[in-house]
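Topology and contacts: notes
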Amino acid sequence: MSRALITLDPTPIATPRRPLDIGSYEFEIDDGVICCGSDQHYRPDEPPSTAHRAFVQTVSRFAEEGTLRAVVLGVDAFDFPAISKHPRIMWEQQPSIAAEIAVVQAWMEEIKSVAGLACESIFIMGNHDQRLSSKISATCPELEGVHGMDLRDHLDPDWTVCWEAIANGPGINAVEFRHRHKSGHGAGRNNVLAAGRSVISGHTHHLNCTRVSNSLGHFWGVDTGTMAALGSKAFRAYTEMAQTGWASGFVVLAFAGGKLLVPEIAMVVDEEAGLVAFRGELIRVGSAVH
Ligand SMILES: [Fe+2]
Ligand SMILES: [Fe+2]
C-alpha cells in the first residue's frame, strides 16, 4: 500500500501586520448635522454624566430626523490615570485599565447604537487615549503587532481613528477637527488663526465658540468643553478641586450647501438635576438610552 506524499505549502506564514500609523481623515458633508463632543474621561466608578446622556439623546434626535451626518468624538474618552507619565497623587483611587476599557466600550456603543450606520463615526485620538499604546510601546516594544497591545484593538472598528478629521477640505469651507492645538482660554481663536480655517477642538475643557472674520469670510473656533461631570473623580486630585472655568457640554454643527453655519453649544447647567441648555430651551435628560 502506497502512501501519499504530503507536500508542505512553501509559502511562509505572514508576519502580523504592524499597526498602521494613524493620520488625517477627510470626509464630505453637504447638508446636515454633526454632533461633536470630547473629553469624556469616562470612569467605571461613576454613572454616565448629564452631558453624555444629553449627547446620546441629541444624536438620537438628529438620527431620527434624518439629518445626522457624523458623530465626531474629539476625544480623551479614556482617562488612564494609572498609566500616566504623571505620578499618582497621594492615594488617589485609580480604576483598573480593564474596567476603563469596558466602560468606554459600553458608552461609545450607546452613542453608536443611536447614531445608526448611515453616519460617519470618528474618534480623534486624545492625549489620555494615547496612554495605553504609548505605555506598552515604551516599556515592551517587542509586543508591537500583538493583538490587544494597541488601543484600536479595544475599539469597535466602525469608529474611524485619526489624529485629525477634515470636513469639506481643502478650501474656505474646510472644517478641521482635532483634540488639541493651541492651549488655554484663547485656544478657539488661536486655532483658527494658526490653521486658516474653522477648527473644532477639545482638550481645554472650556466650552466656547469664537468667530474670526476677514476678507475670505467667517471662520469658527470652537472649544467643545468636556462631556465629563465637572465634579468627576478624574479631575479632583490634579485640579485640587479649584475653580477651573471649565464647562460640561458638547456642540452641534449644522451645514448648508457645504458651509458650516453658526455652531450651537449644548451646555449642562445642573449636573445633578440633569439640566442642559440648548437652542433657547432647558432640557431635562432622561435615563440613558439602551
Ligand atoms: Fe481632557
Ligand atoms: Fe486632552
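Structure: see above.
Worth saying up front: this structure is predicted, and the values here are computed from it rather than measured. (Residues numbered from 1 in each chain as written. Chains lettered and ligands numbered in written order. Predicted model: local features only at pLDDT ≥ 70, side-chain atom pairs only at ≥ 80, totals over all residues.)

**A closer look at the overall build of the protein chain**
Counting its secondary structure elements, the protein chain contains 5 helices and 15 strands. Its C-alpha atoms give the protein chain a radius of gyration of 21 Å, near enough to 19 Å, the size a compact globule of 290 residues would have. With the C-alpha coordinates aligned to their principal axes, the bounding extent of the protein chain is approximately 90 × 50 × 40 Å. Burial analysis of the protein chain (290 residues in total) assigns 38% to the buried set. Look at the contacts in the protein chain between residues 6 or more apart in sequence, and 67% of them connect residues 24 or more apart. (Helix = DSSP H or I, 4+ residues; strand = E, 2+ residues; numbered from the N terminus. Rg over C-alpha atoms; globule rule 2.2 N^0.38 Å. Buried ≥ 20, exposed ≤ 12 C-beta atoms within 10 Å, placed from the backbone. Contact = placed C-beta atoms within 7 Å.)

**Description of the sheet that holds strand 6 (residues 164-167)**
Here 6 strands make up an open sheet; going across it, the order is 1-6-7-8-10-9 and the pairing mixed. Lying at the two open borders of the sheet, with one neighbouring strand each, are strand 1 (24-27) and strand 9 (207-214). The sheet shows a mean angle of 15° between the axes of neighbouring strands, direction not considered. Judged from the 4 bridges that link them, strand 1 and strand 6 form a sheet pairing that is parallel. (Pairing = 2+ DSSP bridges. Axes fitted to C-alpha atoms, helices over the stretch in contact; angles between N-to-C directions.)

**Here's the deal with the nonpolar core**
If you look at the biggest cluster of nonpolar residues, it comprises 61 residues, and the most contacted ones within it are Cys35, Val59 and Val72. Per element, the largest residue contribution to this core is 8 residues, and it comes from helix 2 (residues 97-115). Setting aside anything within four residues of it in sequence, one finds Val59 in contact with Cys35, Leu68, Val71, Ile111, Val114 and Ala115. (Core = buried A, V, L, I, M, F, W, Y, C linked by C-beta atoms within 7 Å.)

**Describing the pairing of strand 7 (residues 175-178)**
The alternating pattern of strand 7 places Val175 and Phe177 on one face and Glu176 and Arg178 on the opposite face, and all of these are buried. Alignment of strand 6 against strand 7, held across 4 bridges, turns out to be antiparallel. In the strand pairing of strand 7, Ala167 is matched with Val175. In terms of strand pairing, strand 7 meets strand 8 (residues 198-201) through 4 bridges, oriented parallel.

**Observations concerning the packing of helix 1 (residues 50-65) against helix 2**
Interhelical geometry of helix 1 versus helix 2 gives an angle of 20° and a closest axis separation of 8 Å. Relative to helix 2, helix 1 is oriented roughly parallel. Here the hand of the crossing between helix 1 and helix 2 comes out right-handed. Along its contact with helix 1, which presents His52, Phe55, Val56, Val59, Ser60 and Ala63, the element helix 2 presents Trp107, Glu110, Ile111, Val114 and Ala115. Considering only residue class, the contact of helix 1 with helix 2 consists of 8 nonpolar, 2 polar and 1 charged. (Parallel < 35°, antiparallel > 145°, perpendicular 65-115°, else oblique. Left-handed = near helix turned anticlockwise from the far one by under 90°. Nonpolar A, V, L, I, M, F, W, Y, C, P; charged D, E, K, R; others polar.)

**Some points on helix 2**
Given a rise of 1.5 Å per residue, 19 residues ought to cover 27 Å, and the 27 Å separating the end C-alpha atoms of helix 2 matches this to within 8%. As for helix 2, its buried residues are in contact with helix 1, strand 3 (68-74) and strand 4 (120-124). Of the residues trailing helix 2, Gly116 is marked for its positive phi of about 85°. (Expected span 1.5 Å × (residues − 1).)

**With respect to unusual backbone geometry**
Here the bond from Gly169 into Pro170 is cis, since omega is -15°, no more than 30 degrees from zero. With respect to the element layout, Pro170 can be found in the loop between strand 6 and strand 7. Despite not being glycine, Glu240 shows a phi value in the positive range, around 50°. Secondary-structure assignment places Glu240 in the loop between helix 5 (233-239) and strand 11 (249-256).

**So, the environment of Ile172**
On the secondary structure map, Ile172 appears in the loop between strand 6 and strand 7. Judged by the 14 C-beta atoms lying within 10 Å of it, Ile172 falls in the partly exposed class. Expressed as a C-alpha distance, the spacing of Ile172 and Gly196, which sit 24 residues apart in the sequence, is 8.4 Å. The contact partners of Ile172, leaving out residues within four places of it in the chain, are Leu216 and Gly217.

**Structural notes on the environment of Ile124**
With respect to the secondary-structure elements, Ile124 resides in strand 4. Sequence separation between Ile124 and Ala165 is 41 residues, and the spatial gap between their C-alpha atoms is 7.5 Å. Setting aside its immediate chain neighbours within four residues, Ile124 contacts Val72, Leu73, Gly74, Val75, Cys162, Glu164, Ala165, Phe177, Arg178 and His179.

**Considering the environment of Pro157**
Within the secondary structure layout, Pro157 lies in the loop between helix 3 (131-139) and strand 5 (160-162). In this structure Pro157 comes out as exposed when scored by C-beta crowding, with 8 C-beta atoms within 10 Å. When the C-alpha atoms of Pro157 and Ser121 are compared, they prove to be 9.8 Å apart, with 36 residues separating the residues in sequence.

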